[in-house]
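# Topology and contacts: notes
Letter by letter, the chains look like this.
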Amino acid sequence: MLSLYKCTPFEQWIEQICCSYRITRPEHLTIEYVSSRMNIWVYYQPFQSSHIDRGLGMYSINIDSRLSSEQQWEDFLHELCHVLRHSGNQFLMPESFLEWQEQDANSFVPYAAIPFFMLKRMELPPHQNDLIDLLTATFKVTRKLAKKRVEQIQRRILQGILDEEWRKQVAVMDHG
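This is a predicted model, so every value here is computed, not measured. (Residues numbered from 1 in each chain as written. Predicted model: local features only at pLDDT ≥ 70, side-chain atom pairs only at ≥ 80, totals over all residues. Heavy atoms only, no water.)

## Concerning helix H4 (residues 95–113)
The end-to-end C-alpha separation of H4 is 27 Å, in line with the 27 Å expected for 19 residues at 1.5 Å each. If you check which residues of H4 are buried, you get Leu98, Gln101, Asp104, Ala105, Phe108, Val109, Pro110, Tyr111, Ala112 and Ala113. Each element contacted by the buried residues of H4 is listed here: helix H1 (9–20), helix H3 (69–85), helix H6 (128–139) and helix H7 (143–175). (Helix = DSSP H or I, 4+ residues; strand = E, 2+ residues; numbered from the N terminus. Expected span 1.5 Å × (residues − 1). Buried < 20%, exposed > 50% of the residue type's maximum accessible area, 1.4 Å probe, protein only. Contact = heavy atoms within 4.5 Å.)

In structure tokens:
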């Protein structure tokens, strides 16, 4: 069934980034490993997670020390998206652009937390709850995020099925 899944350009970009930094297995998906590969300084302080562009390609990310380790990982990925994809001082930019950056970073998190290129190498259980449990344990994410990612994957597979059926119908109409 996963063969019907078509990665989005966003997912393809995430896979390229991961592979270029040799982040290729679920056990690589930790704050420590990713930040060391990407040369990002990480601090843990009891305030909202954020990132700082120190200039000349130097970045630091503060992670809210009050969060669970899974929530810290998800916050790290959110801030990492800002580092990788966004520029500018969020205090000085138009509200609509700030909102777009936040939406983009929120969209990035499930794809980066559970990259499809890693997922497709795994043996997956047939039942959704078992799959969510497996993803939660393997990728060290919250159950909420694992469920969201499973639902994304299910929608993309359904789209693949519908696209395949459409192609068959078009082929029949073209030859009929």
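## Looking at the state of the cysteines
Taken as a whole and assessed by the stated rule, the structure comprises zero disulfides. There is no disulfide at cysteine 7, and the cysteine sulfur nearest it, in cysteine 19, is 11 Å away. Here cysteine 81 stays unpaired: no disulfide links it, and the sulfur of cysteine 18, its closest cysteine neighbor, is 12 Å away. (Disulfide = S-S within 2.5 Å.)

## So, empty space enclosed by the protein
Taken as a whole and judged by the stated rule, the model has two cavities of 30 Å³ or more. One number sums up the size of the largest cavity: a volume of about 100 Å³. Around the largest cavity, the lining is made up of 14 residues, and of these Cys18, Met38, Leu80, Phe108 and Ala112 lie nearest the centre. Of the residues in the lining of the largest cavity, the class split is 14 nonpolar, no polar and no charged. Taken as a whole, the second largest cavity holds about 60 Å³ of empty space. What lines the second largest cavity is simply Cys7, Glu11, Ile14, Glu15, Tyr111, Pro115, Phe116, Phe117 and Arg149. Listed by contribution, the elements that provide at least two residues to the lining of the second largest cavity are H1 and helix H5 (116–119). Among the elements that take part in the lining of the second largest cavity, H1 stands out by supplying three residues, more than any other. (1 Å grid on protein atoms, 1.4 Å probe; cavity = no way out; pocket = protein on both sides within 12 Å on 5 of 7 lines; lining within 4 Å. Points joined across faces, edges and corners; volume = space filled by probe spheres on them. Nonpolar A, V, L, I, M, F, W, Y, C, P; charged D, E, K, R; others polar.)

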